[in-house]
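So you can see what is in the structure, the chains are spelled out below.
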Amino acid sequence: MSGIYLHIPFCKQACHYCDFHFSTSMSLKSRLVDALVAEMDLRADYLEPGTTIETIYFGGGTPSLLTSSELDQLLTAITNRFSVAASAEITLEANPDDLTPAKVRELAASPVNRLSIGLQSFHEPHLRFMNRAHSAQESGEAIRRVQDAGFENISVDLIYGVPAPDHGIWEADMAAVFALQVPHLSCYALTIEPDTVFGRQLRKGKFLAPPDEFVARQFELLLAEMAHHGYEQYEISNFCRPGRESRHNSAYWAGVPYLGLGPSAHSFNGPSRHATLANNPRYVTAVLEEATVPATVEVLSTLDQANEYLMTSLRTARGCDLGHLREQLGINLAAAHAPYLDQLQSTGLATLEAGWLRLTDTGKLLADHITLALFQEA
């Protein structure tokens, strides 16, 4: 099994926290869609021959800016070139302001069967602060509209850790999204990346990030509310009703191969990673006129693969299988880090049972730090 990811690098406007690759100019959109189709042919042998595509994911950027004909062009191209499972999960990321009645009717008539909707907040001042293109009212209307159109497999994004005098706004955001009864939630702490509006404001002293303790408390509130409302935390930032995990993202964390198409897209086939250049004009020209994909390829050593497995598996509820590390990758983590593993358990940051290392709720707050400490070095 494998997956396909398509990066749609266009947005109406730039959110102040976003460092993903995108352009606010739509002038190349039609040609870029043509280039995505052409890239499928150029990289037809990237995945194992005969592999079945179980998931297709339109990410960005803002894929809901695709017209119905552009979306149909891409999906038809995929089904004509790959063996797509009849039960494939087909996800499209969307912004609330794009989900007009006409747009929702188009999507409901398409093969798309899962929507990931970027709400981020129901608090109007926070939406303006982040430079989101939609209003709080549009958020609720968009969710109800897609539900009325028959979409059941819906995910919503929320952002916590936004500067605020207390936790009231975050609690209200959670209450609002629970009221909408969506089966999947992705909740991310506001991260200040250097090459963003917030990053530049921070360097100039015009942005005051909340204390770590403030953000940690909001994460704790999130865990408590998710459990109270019957959601399972199957990955640090992802929560769902039983059986409603994102199949596409779960495959990433499990190390399943996938083909990434478009500028800035990454691909993974086991022994290597492929990263396409994050430049729309150069990508379009190279693919359509030069029949080549501008990219870098990283061949992964056994050590690289072990560290990637550590990084992804420790973020999941399933945890890290020390037997897999030992038998498949030749890494004996228990022997290499025995004192540290004992420390993680004695301080309540992790559990080690039947060869599986799992982070506790407290440990999840320090996931990046713990993973870095366990990384293997040559």
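Overview of the structure. Along each chain, residue indices are assigned from 1 in the same order as the chain's sequence is written. Totals for whole chains, interfaces and linings use all residues, but because this is a predicted model, local features are given only for residues with pLDDT of at least 70 and pairs of side-chain atoms are given and counted only at 80 or more. To obtain the side-chain values, all non-hydrogen atoms of the structure were included, while hydrogens and water were left out.

**Looking at the overall build of the protein chain**
Put simply, the test is: Only DSSP runs of H or I covering at least 4 residues are called helices, and only runs of E covering at least 2 are called strands; the numbering of each starts at the N terminus. For this measure, only C-alpha atoms enter the radius of gyration; the expected value for a globule follows 2.2 Å times N^0.38, where N is the number of residues. In these tables, accessible area is a Shrake-Rupley quantity obtained with a 1.4 Å probe, and a residue counts as shielded only by the protein chains included in the view. Charge counting treats Lys and Arg as positive and Asp and Glu as negative, with His and both chain ends excluded. Lysine's charge is taken at NZ, arginine's at CZ, aspartate's at CG and glutamate's at CD.
Helix and strand counts for the protein chain stand at 16 helices and 15 strands. The C-alpha atoms of the protein chain give a radius of gyration of 21 Å, which matches the 21 Å a tight globule of 378 residues would have. Seen through its C-alpha atoms, the protein chain measures out along the principal axes to roughly 55 × 50 × 45 Å. Accessible surface computed for the protein chain: about 16,800 Å², of which carbon and sulfur atoms make up 52%. One way to put it: in the protein chain the 27 positive side-chain charges average out to a point 5 Å from where the 44 negative ones average out.

**Details of the nonpolar core**
Buried together is how nonpolar side chains tend to be arranged in soluble globular proteins. Heads up, the condition is: Only buried residues count toward a nonpolar core. Its members are Ala, Val, Leu, Ile, Met, Phe, Trp, Tyr and Cys residues joined through side-chain atoms within 4.5 Å. Summary of the burial criterion: residues with accessible area below 20% of their type's maximum are buried, those above 50% are exposed, and those between are partly exposed, where the area comes from a 1.4 Å probe applied to protein chains only. In this analysis, two residues are considered to be in contact whenever any of their non-hydrogen atoms come within 4.5 Å of each other.
Core analysis: the biggest nonpolar cluster contains 84 residues, and Leu-6, Phe-58, Leu-74, Leu-185, Leu-222, Leu-325 and Leu-357 have the highest contact counts within it. At six residues, the largest contribution of residues to this core is made by helix H1 (residues 29-42). Leaving out residues up to four positions away in the same chain, Leu-357 has contacts with Leu-314, Gly-319, Cys-320, Leu-322, Leu-333, Leu-341, Ala-350, Thr-351, Leu-352 and Leu-374. Judged by nonpolar contacts, the second largest core, of nine residues, contains Ile-159, Val-162, Phe-198 and Phe-207.

**Some points on the sheet that holds strand E15 (residues 356-359)**
The strands that make up a sheet are held in pairs by hydrogen bonds between backbone atoms, and each pair lies either parallel or antiparallel. How we decide: Strand pairing is assigned whenever DSSP detects at least two bridges linking the two strands.
Sheet architecture is open: three strands sit in the order E13-E15-E14, paired in antiparallel fashion. What marks the edges here is a single partner per strand, and that holds for strand E13 (320-321) and strand E14 (350-353). Alignment of E14 against E15, held across four bridges, turns out to be antiparallel. Opposite Thr-351, over in E15, you have Arg-358 as the bridge partner.

**Description of the packing of helix H11 (residues 302-313) against helix H12 (residues 322-329)**
To be explicit about the condition: Each axis is a line fitted through C-alpha atoms, taken for helices only over the stretch in contact, and angles between the N-to-C directions span 0 to 180 degrees. We call two directions roughly parallel when the angle between them is under 35 degrees, roughly antiparallel when it is over 145, roughly perpendicular when it lies between 65 and 115, and oblique otherwise. Left-handed is the label given to a crossing in which the near helix is rotated counterclockwise from the far helix by less than a right angle, and right-handed is the label when the rotation is clockwise. Here the nonpolar group is Ala, Val, Leu, Ile, Met, Phe, Trp, Tyr, Cys and Pro; Asp, Glu, Lys and Arg are the charged ones; every other residue, Gly included, is treated as polar.
Two numbers describe how H11 lies on H12: the axes approach to 11 Å, and their chain directions differ by 165°. One element, H11, and the other, H12, form an angle in the roughly antiparallel class. Considering only the axes of H11 and H12, their crossing is right-handed. Residues Thr-302, Gln-305, Ala-306, Tyr-309 and Leu-310 of H11 form the contact with H12, whose own contacting residues are His-324, Leu-325 and Leu-329. Taken together, the residues that form the contact of H11 with H12 break down as five nonpolar, three polar and no charged.

**Quick look at the packing of aromatic side chains**
Formally: Within 6.5 Å between ring centres, the rings of Phe, Tyr and Trp (the latter by its six-membered ring) count as paired, and their orientation is classed by plane angle as stacked under 30 degrees, edge-to-face over 60, tilted in between. Ring-over charges, as used throughout, are those where CZ of Arg or NZ of Lys falls within 6 Å of the ring centre and within 35 degrees of the ring normal.
Counted by the stated rule, this structure contains nine aromatic pairs. Ring centres of Phe-129 and Phe-207 lie 5.9 Å apart, and the angle between their planes is 15°; this geometry places the pair in the stacked category. Highlighted residues: Phe-129 in helix H4 (residues 124-129) and Phe-207 in the loop between helix H7 (197-203) and helix H8 (212-228), separated in sequence by 78 residues. What makes Phe-129 partly exposed here is its relative accessible area of 29%. Given a relative accessible area of 5%, Phe-207 falls into the buried group. The ring of Tyr-46 has Arg-43 sitting right over it, with the charged end atom 4.8 Å from the ring centre.

**Comments concerning the packing of helix H6 (residues 168-179) against H8**
As a packed pair, H6 and H8 sit with axes 11 Å apart at the nearest point and diverge in direction by 25°. Between H6 and H8, the angle is such that the two are roughly parallel. As for how H6 packs across H8, the hand of that crossing is right-handed. Packed against H6, whose contacting residues are Trp-170, Glu-171, Met-174 and Phe-178, the element H8 presents Gln-218, Leu-221, Leu-222, Glu-225 and Met-226 at the interface. Of the residues contributing to the contact of H6 with H8, the split by class is six nonpolar, one polar and two charged.

**Some remarks on the pattern of salt bridges**
Keep this limit in mind: In the sections that follow, a salt bridge refers to a side-chain nitrogen of Lys or Arg positioned within 4 Å of a carboxyl oxygen of Asp or Glu.
According to the stated counting rule, one finds 15 salt bridges in the structure shown. Among the salt bridges present, the one from Glu-124 reaches Arg-128, with a minimum N-O distance of 2.3 Å. Separated by four residues within a single helix, Glu-124 and Arg-128 lie in helix H4, roughly one turn from each other. Judged by relative accessible area, Glu-124 falls into the partly exposed class, the value being 30%. A residue is classified by how much of its surface remains accessible, and Arg-128, at 40% relative accessible area, is partly exposed. Note that Glu-290 and Arg-282 form a salt bridge whose closest N and O atoms lie 3.1 Å from each other. The class of Arg-282 is partly exposed, set by a relative accessible area of 36%. One salt-bridge network, in which partners are shared between bridges, spans Lys-12, Asp-97 and Asp-98.

**Examining unusual backbone geometry**
Among all residues save glycine, negative phi is the norm, and among peptide bonds the norm is trans. The omega angle of the peptide bond from Gly-60 to Gly-61 is 15°, so this bond is cis rather than trans. Turning to its location among the elements, Gly-61 is positioned in the loop between strand E2 (52-60) and helix H2 (68-81). Unusually for a residue other than glycine, Ala-354 sits at a positive phi of about 50°. Inspection of the secondary structure puts Ala-354 in the loop between E14 and E15.

Geometric values such as these leave the question of function open.
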